[in-house]
Amino acid sequence: MKSEQLNELVYEALETELGGVKVYELALSCAVNPDLKEEWSEYLKQTKRHVEIVRELCEALSLDPDEETPGRKIVRHNADCLLEAMRLAKQGGDPAAAEIVAAESVVTAETKDHQNWELLGEAAKKAKGETARALKKAHEEVEDEEDEHLYHTTGWARELWIQSLGLPAVLPPPEEEKDVKTAIGAARAKQARSEML
Ligand SMILES: [Fe+2]
């Protein structure tokens, strides 16, 4: 395994979590549905904890958490774009529309976050010694939460859109009701939505 690129992945993971905190803070101000507010408040808390976990990981790998890399710049830029999109949507004056933009922004941010952690999990399997130990510990702590963040919010984005179309929506979405934590579970929940109406 190329250690330089593993370091880059850890830095990008940290930057993604830092951006995630900002994305959730603004998304929460766009949320209308009280269940969604509750869900995102929990995810914000967990994401703040993820920042700490990746900082600890940096320490274990002797990496300076403030080191700037070209990849981090891109991750930060992408988060800034999501924040800008939510601000624009809020200015639009339609709270239901802004809530959808917020849900889509969270899904975009969490897609990168989810992949980072999947890759860190893969790296943990191949790494050796202290690096393997630190990667495994961090991965085990966040894995389930990352699955929830992505799959549940994807369900919210879909159902909020369906609601906006004037069609019967399942709110909270089946992914949340069924406590989905895997891609297969998410596919099943999506398929079962019609039975939940
Ligand atoms: Fe996270």
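For the structure, see preceding data.
Starting from 1, residues in each chain are numbered consecutively following that chain's sequence as written. Residue-level local features of this predicted model are given only where pLDDT is at least 70; pairs of side-chain atoms are given and counted only at 80 or more, and the full residue set underlies all totals for whole chains, interfaces and linings. By convention in this description, side-chain values take in all heavy atoms of the structure and omit both hydrogens and water.

Trainee: Please provide a residue-by-residue account of the overall build of the chain, values included.
Mentor: Each helix and strand in the chain was counted, giving seven helices and zero strands. Its helices and strands in sequence order give the chain the pattern α-α-α-α-α-α-α, from N to C terminus. By the compact-globule yardstick of 16 Å for 197 residues, the chain fits well, its C-alpha radius of gyration being 17 Å. Projected onto its principal axes, the C-alpha positions of the chain cover 55 × 35 × 25 Å. Type-normalised accessible area, obtained with a 1.4 Å probe on protein chains alone, sets the label of each residue: buried when under 20%, exposed when over 50%, and partly exposed for intermediate values. A total of 197 residues make up the chain; the buried ones form 50% of that total. Any two residues having at least one pair of non-hydrogen atoms within 4.5 Å are treated as being in contact. Considering only residue pairs separated by 6 or more positions, the chain has 72% of its internal contacts joining residues 24 or more positions apart. Where accessible areas are quoted, they stem from the Shrake-Rupley method and a 1.4 Å probe; at the residue level, only the protein chains shown are allowed to cover. In the form shown here, the chain has an accessible surface area of approximately 10,200 Å², with 53% of it arising from carbon and sulfur atoms. The helix count covers DSSP runs of H or I at least four residues long, the strand count covers runs of E at least two residues long, and both are numbered beginning at the N terminus. Throughout, radius of gyration means the C-alpha value; the globule benchmark is 2.2 Å times the number of residues raised to the power 0.38.

Trainee: Which residues make up the coordination of the iron ion, and what values do they have?
Mentor: Metal-coordinating donors are taken as N, O and S atoms lying within 2.8 Å of the metal, or within 3.2 Å when the metal is Na, K or Ca; because water is left out, some sites can appear incomplete. Within the protein, the atoms that donate to the iron ion are Glu17 (OE), Glu17 (OE), His50 (ND1), Asp113 (OD) and Glu146 (OE), at distances of 1.9 to 2.5 Å. Along the chain, the residues that donate to the iron ion are spaced as E-x32-H-x62-D-x32-E. Of this pair, Glu17 sits in helix α1 (residues 3–30) while Asp113 sits in helix α4 (residues 95–126), and the two are 96 residues apart along the sequence. Both residues of the pair, Glu17 and Asp113, belong to the buried class.

Trainee: I'd like to hear about unusual backbone geometry, residue by residue, with values.
Mentor: Cis geometry marks the peptide bond from Leu171 to Pro172; its omega dihedral reads -5°. With respect to the element layout, Pro172 can be found in the loop between α5 (129–164) and α6 (174–177). Not every positive phi belongs to a glycine, and Ser62 is a case in point at roughly 55°. Exposure remark for Ser62: the relative accessible area of 67% places this residue in the exposed category. We note that Asp179 has phi near 50°; this positive angle belongs to a residue other than glycine. Its location among the elements puts Asp179 in the loop between α6 and α7 (183–192).

Trainee: Before we move on, can you summarise the packing of aromatic side chains with the specific residues and values?
Mentor: The aromatic pairing rule takes the rings of Phe, Tyr and Trp, using the six-membered ring of Trp, and pairs them if the centres are within 6.5 Å, calling planes under 30 degrees apart stacked, those over 60 edge-to-face and the rest tilted. Enumeration according to the criterion identifies one aromatic pair in this entry. Consider the rings of Tyr24 and Tyr43, whose centres lie 6.2 Å apart with planes at 75°: the pair is edge-to-face. Of this pair, Tyr24 sits in helix α1 while Tyr43 sits in helix α2 (residues 34–60), placing them 19 residues apart in sequence. Judged by relative accessible area, which is 1%, Tyr24 ranks as buried.

Trainee: For α5, give the residues involved together with the corresponding values.
Mentor: Residues three or four positions apart in an α-helix share a direction because the helix packs 3.6 residues into each turn. A helix is expected to span 1.5 Å for every residue after the first. An ideal rise of 1.5 Å per residue puts 52 Å on 36 residues; α5 measures up with 52 Å between its terminal C-alpha atoms. Note that bend, as reported per residue, equals the angle between axes fitted to the 7 residues terminating at that residue and the 7 residues originating from it. At Val142, α5 shows its strongest bend, of approximately 40°. Of the residues one or two after α5, Gly166 is the one with positive phi, at around 80°.

Trainee: Describe the environment of Lys90, naming the residues involved and giving the relevant values.
Mentor: Checked against the element boundaries, Lys90 lands in helix α3 (residues 70–91). By relative accessible area, Lys90 is classed as partly exposed at 39%. Sequence-distant contacts of Lys90, that is, excluding residues within four places in its chain, are made with Leu26, Ser29, Cys30 and Ala98.

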